[in-house]
Amino acid sequence: MQTPPASDTPEVLHEGRFLRLCKRGRWEYAERTNASSAVIVVALTPDDRIVFVEQFREPIQCRSIEMPAGLVGDIDSEESIELAAERELLEETGWQAGRVQFLTMGPSSSGMSTELIAFVRAYGLTRVHAGGGDATENITVHEVPRAESAAWLDAKRREGYSIDPKLYAGLYFVDHDADGSRASI
């Protein structure tokens, strides 16, 4: 990743509670002020179902289907990607991971934000509770058979749900490691 020259310090256009709008040259972009990154959790239940979450997303004004995900470092600035993934998976879905494997990391929208998103795979899931998120969330958990997941997502799209395109990268990571080799799930 190329670092801009020190003299190219961004101008802060607006500072909100969780976001900062910046300008560098003619380019405007957003930065998170409350987290170091985000993480998406690729999770398969013991009976080979992919775990998805559904929630209303205020910016797009509709319900969205996503993989369990959340911010890294929003509660503890020293939190690792793996610990954030474990926390978010349990909080949102009620599934506890036996272990988490880092897969890859990259920009969420490189032309609009500095945010980076990591993908991790969760192994050894154990049901602890029903999920649903924290007190500020209203999350519905879906567990879809692996072989039916693409068709299920398309049906949800036709029903009017927003389908996060990152889901399709997540579906790749159900079966593959970051280097393209078959995952050992």
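Here, every reference points to the structure presented above.
Analysis parameters
- Residues numbered from 1 in each chain as written.
- Predicted model: local features only at pLDDT ≥ 70, side-chain atom pairs only at ≥ 80, totals over all residues.
- Heavy atoms only, no water.
- Salt bridge = Lys/Arg side-chain N within 4 Å of Asp/Glu carboxyl O.
- Helix = DSSP H or I, 4+ residues; strand = E, 2+ residues; numbered from the N terminus.
- Buried < 20%, exposed > 50% of the residue type's maximum accessible area, 1.4 Å probe, protein only.
- Pairing = 2+ DSSP bridges.
- Axes fitted to C-alpha atoms, helices over the stretch in contact; angles between N-to-C directions.
- Arc of directions from axis to C-beta.
- Phe/Tyr/Trp six-rings, centres within 6.5 Å; stacked < 30°, edge-to-face > 60°.
- Lys NZ or Arg CZ within 6 Å of the ring centre and 35° of its normal.

Asker: Account for the pattern of salt bridges, naming residues and giving values.
Answerer: The tally for this structure, following the rule as stated, stands at 17 salt bridges. The salt bridge involving Glu115 is made with Arg32; its shortest N-O contact spans 2.6 Å. In this pair, Glu115 sits in the loop between β9 (99–107) and β10 (116–123) while Arg32 sits in strand β3 (residues 27–32), placing the two residues 83 residues apart along the sequence. For Glu115, a relative accessible area of 15% translates into the label buried. Residue class for Arg32 comes out partly exposed when judged on its relative accessible area of 33%.

Asker: Give a detailed account of the sheet that holds strand β1 (residues 11–15), specifying residues and quantitative values.
Answerer: Taken in spatial order, the three strands make up an open sheet running β1-β2-β3, and their pairing is antiparallel. The open sheet has two edge strands with one neighbour each: β1 and β3. Each strand of the sheet is rotated relative to its neighbour by a mean of 25°, with strand direction disregarded. Pairing of strand β2 (residues 19–24) with β3, which is carried by six bridges, proceeds in the antiparallel orientation. Across the sheet, residue Lys23 finds its bridge partner in β3, namely Glu28.

Asker: So what about helix α3 (residues 166–175)? Which residues, and what values?
Answerer: Within α3, burial applies to Leu167, Gly170, Leu171, Phe173 and Val174. Around the axis of α3, the buried residues are gathered within 160° of arc, so they sit on the same side.

Asker: Describe in detail the packing of aromatic side chains, supporting the description with residues and values.
Answerer: A complete count under the given rule lists three aromatic pairs for this structure. Residues Phe52 and Trp152 carry aromatic rings whose centres are separated by 5.4 Å and whose planes lie at 20° to one another, so their mutual orientation is stacked. On the criterion of sequence distance, the pair formed by Phe52 in strand β5 (residues 49–57) and Trp152 in helix α2 (residues 149–158) is long-range, its members being 100 residues apart. Aromatic pair Tyr172 and Phe173: ring centres 5.4 Å apart, planes at 70°, arrangement edge-to-face. A relative accessible area of 8% places Phe173 in the buried class. An aromatic cluster of at least three residues, connected via ring pairs, comprises Phe119, Tyr172 and Phe173. Here the guanidinium or amino end of Arg99 rests over the ring plane of Tyr123, the centre of that ring lying 3.9 Å away.

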